[in-house]
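# Examination of the molecular architecture
The chain contents come next:
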Amino acid sequence: MSLTPYPEEGARRFGAVNWLGVWTLYLKEVRRFWKVMTQTIAAPVITTLLYLAIFALAIGKFRPDVHGVPFIEFLAPGLVMMTMIQNAFANTSSSILISKIQGNIVDVLMPPLSPGELNFGIAMAGVTRGLLCGAVTTLAMLPFVHMGIEHAWAIVFYAVGASLMLSLLGMLGGIWSEKFDHLQAVTNFVILPLTFLSGTFYSVTQLPDLAHEVTKWNPVFYLIDGFRYGVTGHADGSLGTGIAIVLGVNLVLWVLCHILFHTGYRLKA
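These remarks concern the structure in this document. Bear in mind the structure is a predicted one, so any value in this text is a computation, not a measurement.

### Topic: the overall build of the chain
Along its length, the chain carries 10 helices and zero strands. If you list the helices and strands of the chain from N to C, you get α-α-α-α-α-α-α-α-α-α. Computed over C-alpha atoms, the radius of gyration of the chain comes to 21 Å, within 12% of the 18 Å expected from 2.2 N^0.38 for 269 residues, which places it in the range of a compact globule. Dimensions of the chain, computed from the C-alpha atoms along their principal axes, are close to 85 × 35 × 35 Å. The burial tally for the chain puts 46% of its 269 residues in the buried class. Counting only contacts in the chain whose residues sit at least 6 apart along the sequence, the fraction spanning at least 24 positions is 83%. Summed over its atoms, the accessible surface of the chain is roughly 13900 Å², and 68% of this surface lies on carbon and sulfur atoms. Taking the average location of the 15 positive side-chain charges in the chain and that of its 14 negative ones, the two points are 9 Å from each other.

Structure representation (structure tokens):
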């Protein structure tokens, strides 16, 4: 009587993709932020509404239209995009760093999940939080500012592309960081400057020539500009360039995250 041999050590028994494992990891990451939704969803929405209130009440009526678009309507899509990218980054970066500090990162690395599956599951949870925060922020803004849909494809493409980009960047930040000071440095010296200097609160066409040219090297500018195009129908930059940059940057970040998960850089003791 022949016995079925045990599979070789390290052999996968789930086919090409461990769908159950990926789904479980995704749900674990989503439930992580959902359980504290007051902090992870409600708080960012309130903060964004405060930005809108300050600009609307303090300077909104004194600002002229921007390319034929009322200033508040021009500002609103930028604030929505800012909320999405900041929360997508915060979700993945905090998840990985906290797991490392608490010592339970092993619970993520030990299951039979490939680097690509780890990458996908964690990144998609960050995308989910980014899109959810963006949707709730938009709904909260509607009673106060008109936000139409001029180009639905641009809204969807840039919302998903932006959330994915910052999710992947958050994963890199979480893997690289060894303590909260490191992650806070990434937030303060990389994420916030890229966001605030990308045309969130102004049209980049108003900048001096040198600053305008420098802004074109900021990928977050194309995220905000493309999303604003979807809402208002106006774009300050090239849509073709923006699409290429979003796809290219996401591809590079995805490959980098895959490599770090594969090598275990700063993840495996």
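Text resumes after the structure shown.
### Quick word on helix H10 (residues 239–263)
An α-helix turns once every 3.6 residues. As a result, residues three or four positions apart point the same way. For H10, with 25 residues, the first-to-last C-alpha span of 36 Å sits near the 36 Å given by 1.5 Å per residue. Among all positions in H10, only Gly242, Val246, Asn250, Leu253, Cys257, Leu260 and Phe261 are buried. Close packing links the buried residues of H10 with helix H3 (71–102), helix H5 (115–141), helix H6 (152–176) and helix H9 (219–232). If you check the start of H10, you find a side-chain oxygen 3.5 Å away from the backbone N of Gly240, and it comes from Ser238. Taken from the residues just after H10, Gly264 is the one with a positive phi, measuring 75 degrees.

### Overview of the side chain of Thr195
For Thr195, the position within the fold is in helix H7 (residues 180–196). On the accessibility criterion, Thr195 (0% relative accessible area) is buried. Among the polar contacts listed, one links the side chain of Thr195 to the backbone oxygen of Ile191, at a separation of 2.8 Å. Residues contacting Thr195, with those up to four places away along its chain left out, are Met82, Ile85, Gln86, Thr200, Val220 and Ile224.

### Notes on the packing of aromatic side chains
Counting across every chain of the model gives nine aromatic pairs. For the ring pair Phe55 and Phe201, a centre distance of 5.2 Å and an interplane angle of 15 degrees mean the geometry is stacked. Taken as a pair, Phe55 in helix H2 (residues 37–59) and Phe201 in the loop between H7 and helix H8 (209–215) lie far apart in primary sequence, 146 residues in all. The exposure class assigned to Phe55 is buried, which follows from its relative accessible area of 18%. Ring pairing ties together the aromatic residues Tyr51, Phe55, Phe71, Phe196 and Phe201, which thus form one cluster. The lysine or arginine in question, Arg228, covers the ring of Phe74, its NZ or CZ lying 3.7 Å from the ring centre.

### Observations concerning the pattern of salt bridges
Overall, the coordinates contain three salt bridges when judged by the stated rule. A salt bridge links Lys28 to Glu29; the shortest N-O distance between them is 2.7 Å. Looking at Lys28, the relative accessible area reads 36%, which means it is partly exposed. The class for Glu29 is buried, based on a relative accessible area of 1%. As a salt-bridge pair, Glu178 and Arg266 come within 3.7 Å of each other at their nearest N and O atoms. Of this pair, Glu178 sits in the loop between H6 and H7 while Arg266 sits in the segment after H10; the two residues are 88 residues apart in sequence, bridging distant segments of the chain. We classify Arg266 as partly exposed; its relative accessible area is 33%.

### Remarks on the packing of H5 against H10
Contact geometry for H5 and H10: axes closest at 8 Å, N-to-C directions at 125 degrees. If you check the angle between H5 and H10, you find them oblique. Both H5 and H10 take part in a crossing whose hand is right-handed. Residue-level inspection shows Pro115, Gly116, Leu118, Asn119, Phe120, Ile122 and Ala123 of H5 in contact with H10, the latter providing Trp254, Cys257, His258, Phe261 and His262. Here the residues of the contact of H5 with H10 are counted per class, giving eight nonpolar, four polar and no charged.

Definitions and cut-offs
- Residues numbered from 1 in each chain as written.
- Predicted model: local features only at pLDDT ≥ 70, side-chain atom pairs only at ≥ 80, totals over all residues.
- Heavy atoms only, no water.
- Helix = DSSP H or I, 4+ residues; strand = E, 2+ residues; numbered from the N terminus.
- Rg over C-alpha atoms; globule rule 2.2 N^0.38 Å.
- Buried < 20%, exposed > 50% of the residue type's maximum accessible area, 1.4 Å probe, protein only.
- Contact = heavy atoms within 4.5 Å.
- Areas by Shrake-Rupley, 256 points an atom, 1.4 Å probe, with all protein chains shown as cover.
- Lys, Arg positive; Asp, Glu negative; His and termini not counted.
- Charge placed at Lys NZ, Arg CZ, Asp CG, Glu CD.
- Expected span 1.5 Å × (residues − 1).
- Polar contact = N/O pair within 3.5 Å; in protein donor to acceptor, adjacent residues only side chain to side chain.
- Phe/Tyr/Trp six-rings, centres within 6.5 Å; stacked < 30°, edge-to-face > 60°.
- Lys NZ or Arg CZ within 6 Å of the ring centre and 35° of its normal.
- Salt bridge = Lys/Arg side-chain N within 4 Å of Asp/Glu carboxyl O.
- Axes fitted to C-alpha atoms, helices over the stretch in contact; angles between N-to-C directions.
- Parallel < 35°, antiparallel > 145°, perpendicular 65-115°, else oblique.
- Left-handed = near helix turned anticlockwise from the far one by under 90°.
- Nonpolar A, V, L, I, M, F, W, Y, C, P; charged D, E, K, R; others polar.

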